[in-house]
Amino acid sequence: LLCLFPLTSKLYIINFEVKKMIDFKQEVLKHKDEMLKDLKALCQIPSTLDESTAKENQPFGEKNREALDLMLSIGQRDGFVTDDCDGYAGSIDIGEGDECFGVLGHLDVVPTEGQARDYPEYDMTIDGDKIYGRGVADDKGPLLAAYYAAKIVNELDFEKKMKVRIIFGCNEENGSACMHYYFKHRPYPAMGFTPDADFPVVHGEKGNCHFIIKGHSDDDKVVSIHSGRVVNIVPDHAEAILKGTDYKESYEAFLKENNYQGSLEVVDGQTHLTLKGKSAHASQPQIGNNAASNLCHYIASVTDNSYAKFVDEYLYNDYSGTKLHIAMTGEMGALTVNLGILNYENNEGSLTLDLRLPHEVNNDELVKTVDEAVNKYGFTEEHDIGPALYVDPNSELVQKLHESYVQFTNDHEHGPQMIGGGTYAKEMPNCVAFGAEFPGKNHHMHEENEFIASDDLFTAAAIYAQSLYNLLKK
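Small disclaimer: the values here were computed from a predicted structure and weren't measured.

Glancing now at the nonpolar core. Of all hydrophobic cores here, the largest spans 81 residues; its most connected members are Met71, Phe101, Ile166 and Tyr464. If one sorts the elements of this core by residue count, helix H11 (residues 454-472) sits on top with twelve residues. The contacts of tyrosine 464, once residues within four sequence positions are left out, are Pro142, Ala145, Ala146, Ala149, Phe193, Pro195, Phe199, Phe434, Gly435 and Ala436. One finds Leu273, Cys296, Leu355 and Val367 within the second-largest nonpolar core, a separate group that totals 47 residues.

Here the focus is the confidence of the model for the protein. For the protein, mean pLDDT is 93; residues scoring 70 or higher make up 96% of the total. Note that pLDDT drops below 50 for residues 1-19; the model gives that stretch 19 contacts with residues more than four away or on any other chain.

What follows covers H11. Residues that lie three or four places apart on an α-helix share one face, since the helix turns once every 3.6 residues. An ideal rise of 1.5 Å per residue puts 27 Å on 19 residues; H11 measures up with 27 Å between its terminal C-alpha atoms. With 17 of its 19 residues buried, H11 lies for the most part within the structure.

Bringing the side chain of lysine 206 into the picture now. Structurally, the position occupied by lysine 206 is in the loop between strand S11 (202-205) and strand S12 (207-216). In this view, lysine 206 contacts Met332, Gly333, Ala334, Leu335, Thr336, Arg356, Leu357, Pro358, Ala388, Ile419, Gly420 and Lys426; residues no more than four positions away in its chain are not counted.

Right, let's talk about the environment of threonine 329 for a bit. Assignment of secondary structure puts threonine 329 in strand S17 (residues 329-330). Sequence-wise, threonine 329 and leucine 357 are 28 residues apart; in three dimensions their C-alpha atoms are separated by 9.0 Å.

Taken together, three strands build an open sheet; the order of strands is S6-S7-S26 and the sheet is antiparallel. Single-partner strands in this sheet number two, and they are strand S6 (125-127) and strand S26 (451-453). Ignoring strand direction, the axes of neighbouring strands in this sheet form an average angle of 25 degrees. Strands strand S7 (130-132) and S26 of the sheet are contacted by H11, whose axis makes an angle of about 70 degrees with S26.

Buried within helix H6 (residues 248-258) are the following residues: Tyr251, Phe254 and Leu255. Around the axis of H6, the buried residues are gathered within 95 degrees of arc, so they sit on the same side. Structural note: H6 exposes Glu249, Lys256 and Glu257 on the side pointing more than 90 degrees away from its buried face. Among the residues trailing H6, asparagine 259 stands out with phi positive, at a value near 60 degrees.

Look at helix H10 (residues 396-409) against H11: their axes get within 9 Å of each other, and the N-to-C directions meet at 135 degrees. Classified by the angle their axes make, H10 and H11 are oblique. The two elements H10 and H11 meet at a crossing, and its hand is right-handed. Seen from H10, the contacting residues are Glu396, Leu397, Lys400, Leu401, Ser404, Tyr405, Gln407, Phe408 and Thr409; seen from H11, they are Ala462, Ile463, Gln466, Ser467, Asn470 and Leu471. Residue composition of the contact of H10 with H11, by class: seven nonpolar, six polar and two charged.

The rules behind each value
Residues numbered from 1 in each chain as written. Predicted model: local features only at pLDDT ≥ 70, side-chain atom pairs only at ≥ 80, totals over all residues. Heavy atoms only, no water. Core = buried A, V, L, I, M, F, W, Y, C linked by side-chain atoms within 4.5 Å. Buried < 20%, exposed > 50% of the residue type's maximum accessible area, 1.4 Å probe, protein only. Helix = DSSP H or I, 4+ residues; strand = E, 2+ residues; numbered from the N terminus. Contact = heavy atoms within 4.5 Å. pLDDT = per-residue confidence, 0-100. Expected span 1.5 Å × (residues − 1). Pairing = 2+ DSSP bridges. Axes fitted to C-alpha atoms, helices over the stretch in contact; angles between N-to-C directions. Arc of directions from axis to C-beta. Parallel < 35°, antiparallel > 145°, perpendicular 65-115°, else oblique. Left-handed = near helix turned anticlockwise from the far one by under 90°. Nonpolar A, V, L, I, M, F, W, Y, C, P; charged D, E, K, R; others polar.

Here it is as structure tokens:
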């Protein structure tokens, strides 16, 4: 638009750039039914790790292969170029260009076994304004939100710096071997985000650390103890078998005193115990209730089992590492400890700990201190410590992602943040986590009745579209 007007006998020409604002939320809603149909199809696949059906081109089991094939077929249906990386991960290229912007999501989910539920476990159920089902929030729903965002942006007529590559793995919940493999065989995108955490943008993540502690106990009263299936969840169920039948009074008193739910049954001269806890993500173990350590607390009071006593001394009712003498708080928050898996049988035991470490932690001192506790009981340990993630909050990536979030939410209270959870962002340079859980919300990821509000899902897709538009335009 040109405006011409006289001023003090001179002619001034002023250029006004007219910009038509794109309503990305409305664009997303045009695809609402299609997005929900795709999400339902993905959620109906119980894509948990299944080593019994693992083989070439399906290293994480039959159902993860099925989910990978479905996501690839969605990209092919929409006319995009797809790539299957030997069943470990796949990708969909949207747009043109030699360089690409990466969006990393995962198709695998954590198991639902043992969890109470009000909706089908492996399906998508809409109830009012909420969408329920394993994976709707972690991470099938947010992955599809980002995919549809990239589709919408691709359809816009503007000059783009690069294409978008949607990358999806099948082992995020059990160590991210999928992305380790993928990036050994495929190049890194120039930058990217993973829709697998929180809003606003997450530019820092604690380091992940696992300790596997093994050993022997000479105790002759404990037949077995079992709890937990994956290390990054607070176990909500534990069970044990003790020799003898004289535990009823003490166990019932234990349940009553602590307001726990459990059961006791005598079978062939042995006592079978169960205990219910509350699951939570291992990055926030304090909001759960660890059934494994709680049951060991009881067993340690009625037997001399060294495994139960180790757990009781160093892990019972402690999620900060205080009892292990490793507690600390850094810029990213406090160190956390989760007893995720415990198996004991035939006098041999194994327990696995999941620790989330602020980047200031001295790893050598950490291992030395844990070893002191392990050696005290004659046990051995193996450990694996991964690096923390830190991306400059003033970088173009972080700033433009955050600007897009603020544009849609008008949230000026929450800024770029750091978290305890670990995501795919650690798998490539210049990558951060971004959504899809909004401040104050709890999607019950890894817990019973996982859900996401439908409007939150569509708003997340709109934020992703705005972000991609801002980052891709020249």
